[in-house]
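Coordinate analysis (summary)
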Amino acid sequence: MSFIELDKKAYFHNLKTLSQKVGGVDKLAVVLKDNAYGHGLVEMAILACEFGIKRAIVRNLDEAKKIQKYFENILILYSYNTQPNKKLSFTINSLHDISKLDKNSSIHLKIDTGMNRNGISFLEIEKAFYLISQKELKLDGVMTHFRSADEDSDDLFWQINQWQQAKKQVIKFIKKYKFKKPLFHSANSATILRVKTYEDDFARCGIATYGYTELLHDNTPLKPVLSLWGEKIGSRVLKKGERVGYGGVFKASKDMVISTYDIGYGDGFFRYDGTGCLTTANSSKILGRVSMDSMSIESDDEQICIFDDAKKLSKYFHTISYDILTKLSPSIKRIIV
Ligand SMILES: *Cc1c(COP(=O)(O)O)cnc(C)c1O
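For every chain, the first residue of the written sequence is number 1, and numbering continues from 1 along that sequence. At least 70 in pLDDT is required for a residue's local features to be given in this predicted model, at least 80 for side-chain atom pairs to be given and counted, and no such filter applies to totals for whole chains, interfaces and linings, which use all residues. Derived side-chain values reflect all non-hydrogen atoms in the structure, with water molecules and hydrogen atoms excluded from consideration.

**Points about helix α3 (residues 41–51)**
Burial classes: relative accessible area under 20% of the type maximum marks a residue as buried, over 50% as exposed, and values in between as partly exposed (1.4 Å probe, protein chains only). Under the scheme used here, helices are H or I runs from DSSP no shorter than 4 residues and strands are E runs no shorter than 2 residues, and both carry numbers assigned from the N terminus. Taken as a whole, α3 has its buried residues at L41, M44, A45, L47 and A48. Taken around the axis of α3, the buried residues stretch over an arc of 165 degrees, which confines them to a single face. Contacts are residue-level and defined by heavy atoms, with any inter-residue pair within 4.5 Å sufficient. At its buried positions, α3 is contacted by β1 (3–6), α1 (8–22), β2 (28–31), α2 (33–37), α4 (61–67) and β17 (333–336). Where α3 terminates, the next one or two residues include G52, which has phi positive at roughly 110 degrees. Each direction from the helix axis to a C-beta atom contributes to the arc, which is the arc of those directions.

What follows is the structure in structure tokens.
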């Protein structure tokens, strides 16, 4: 059976590197949304907890419930539950979200500082404070998200400036409405790797904890955590001139030993069409089209590492490492090594 290996040493190395950048492990929140970027939600939560991480960020309530015992606080980005829960905080992406929660719920208010995706505008900050106090919600955090953290431009620094203006407004209204000072947070992985010092209370790191960045210029030594392994279904000798797989796209130019392995596009691996030159981690050639549940490779090893560097694969498919990783099927067995 195919499986995914999770390298604990690599993960701890990344968490240590990032903790140092943000100013301590208490200032590092791990983003575990989307099945921990395809790595395996519970497995990564257990490891993060063992390392000493106290905060996690997920997409919905379902993910939060599966891992709440491992953290002090979990911030949910896009779903709501009216029952207050000591450990769970909810993101307010618009003024309307305030009506979705009941008294005493913990919230983090998102302010839009230039992405124009989620969050309230500068002009809505006072209204938000008014509605939050009316509903007696607990404003535990105020946050924003940067649009160009991993672009090769200074746009990030323009937006950090916008964020600083937003924080000033928030501090003004905190006094007026007699709220406690909330936790401020803004940075994702790329931001942490680009700013000299990080001033907010914590950072929300996803991709870098898994060992990647999409930055053009970055020499932070991060280590990929995940590798995808296939197991051999069977071997055969392909004679010169014979073809393999759908459409017979690959044609042998010599006699060769090939094997079929139990990973395909049904497992979330990209459907390679066999026309280029895609190889496995140990440089064995993938032959012809990838099928739904299998692929043919020039190898006769019992097990083969399909990839251990999502960045390389993402370049091949003209996408980003996030995309390669999050697609991996949750049903593949995860093994921590
Ligand atoms: C996904 C996400 C992050 C993490 O981004 P990375 O680039 O993976 O570090 C941070 N903040 C928010 C709001 C997100 O949705």
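That shown, we press on.
**Overview of the nonpolar core**
Counting 100 residues, the largest nonpolar core has L32, I67, F71, F129 and F269 as its most contacted members. Tallying contributions element by element places helix α6 (residues 155–177) first for this core, with eight residues. Residue contributions to this core reach at least three from each of two domains, namely domain 1 (8–210) and domain 2 (226–308). Setting aside chain neighbours within four positions, we find L32 in contact with L41, M44, A45, A56, I57, V58, E63, I67, F71 and Y210. Definition used in this section: a nonpolar core is a set of buried Ala, Val, Leu, Ile, Met, Phe, Trp, Tyr and Cys residues joined via side-chain atoms within 4.5 Å. Start and end points for every domain follow an automatic or database-based domain assignment.

**Re the packing of α1 against α3**
Where α1 contacts α3, the two axes come as close as 11 Å, and the packing angle between them is 55 degrees. With respect to α3, the element α1 is oriented oblique. Crossing of α1 over α3 shows right-handed handedness. Between α1, through K8, Y11, F12, L15, K16 and S19, and α3, the contact on the second element is made entirely by M44, L47, A48, E50 and F51. Only Asp, Glu, Lys and Arg are considered charged in this grouping, and only Ala, Val, Leu, Ile, Met, Phe, Trp, Tyr, Cys and Pro are considered nonpolar; every other residue, Gly among them, is considered polar. Along the lines of polarity and charge, the residues of the contact of α1 with α3 split into seven nonpolar, one polar and three charged. The convention used is that axes are lines fitted to C-alpha atoms, helices contributing only their stretch in contact, and that angles between N-to-C directions extend from 0 to 180 degrees. Just so you know how the angles are binned, under 35 degrees is roughly parallel, over 145 roughly antiparallel, 65 to 115 roughly perpendicular, and the rest oblique. The sense of a crossing depends on the near helix, which, turned anticlockwise from the far helix by less than a right angle, makes the crossing left-handed and, turned clockwise, makes it right-handed.

**Things to note about the environment of A187**
When you line up the elements, A187 lands in the loop between β8 (183–185) and α7 (189–194). Residue class for A187 comes out buried when judged on its relative accessible area of 0%. In this structure, the C-alpha to C-alpha distance between A187 and A149, residues 38 residues apart in sequence, is 8.5 Å.

**Some points on the packing of aromatic side chains**
What describes a pair of aromatic rings is the distance from one ring centre to the other and the angle between the planes of the rings. A pair of Phe, Tyr and Trp rings is counted when the ring centres sit within 6.5 Å of each other, with Trp represented by its six-membered ring. The angle between the planes then sorts it: under 30 degrees is stacked, over 60 is edge-to-face, the rest tilted. In the structure shown here, the tally under the stated rule is 15 aromatic pairs. With centroids separated by 5.9 Å and ring planes inclined at 45 degrees, the aromatic side chains of F129 and F173 adopt a geometry described as tilted. Here F129, found in helix α5 (residues 125–135), pairs with F173, found in helix α6; they are 44 residues apart in sequence, far enough to count as distant. The class of F129 is buried, set by a relative accessible area of 0%. Each member of the aromatic cluster is reached from another via a ring pair, and the members are Y11, Y37, Y210 and Y322. In this analysis the charged atom, NZ for Lys or CZ for Arg, is taken to sit over a ring once it is within 6 Å of the ring centre and within 35 degrees of the ring normal. Lying over the aromatic face of F184, K167 brings its terminal NZ or CZ to 5.6 Å of the ring centre.

**Digging into the site of the ligand**
If even one non-hydrogen atom of a residue comes within 4 Å of a molecule or strand, that residue is called near it. Taken together, 13 residues sit near the ligand, with K33, Y37, S189, I207 and Y322 positioned nearest. Side-chain atoms alone can form a polar contact between residues adjacent in sequence; in general such a contact is a pair of N or O atoms within 3.5 Å, and within protein one must be able to donate a hydrogen while the other accepts it. Contact between the ligand and H145: a nitrogen atom at 3.5 Å from a side-chain N or O atom of the residue. The separation between a nitrogen atom of the ligand and a polar side-chain atom of R204 is 2.8 Å. Computed with a 1.4 Å probe, the accessible areas rest on the Shrake-Rupley method; for each residue, only the protein chains presented here act as cover. With the chains in place, 95% of the 390 Å² that the ligand exposes on its own is no longer accessible. Mapped by element, the contributors of at least two residues to the shell around the ligand are α2 and β9 (203–205). Split into classes, the residues belonging to the shell around the ligand amount to six nonpolar, four polar and three charged.

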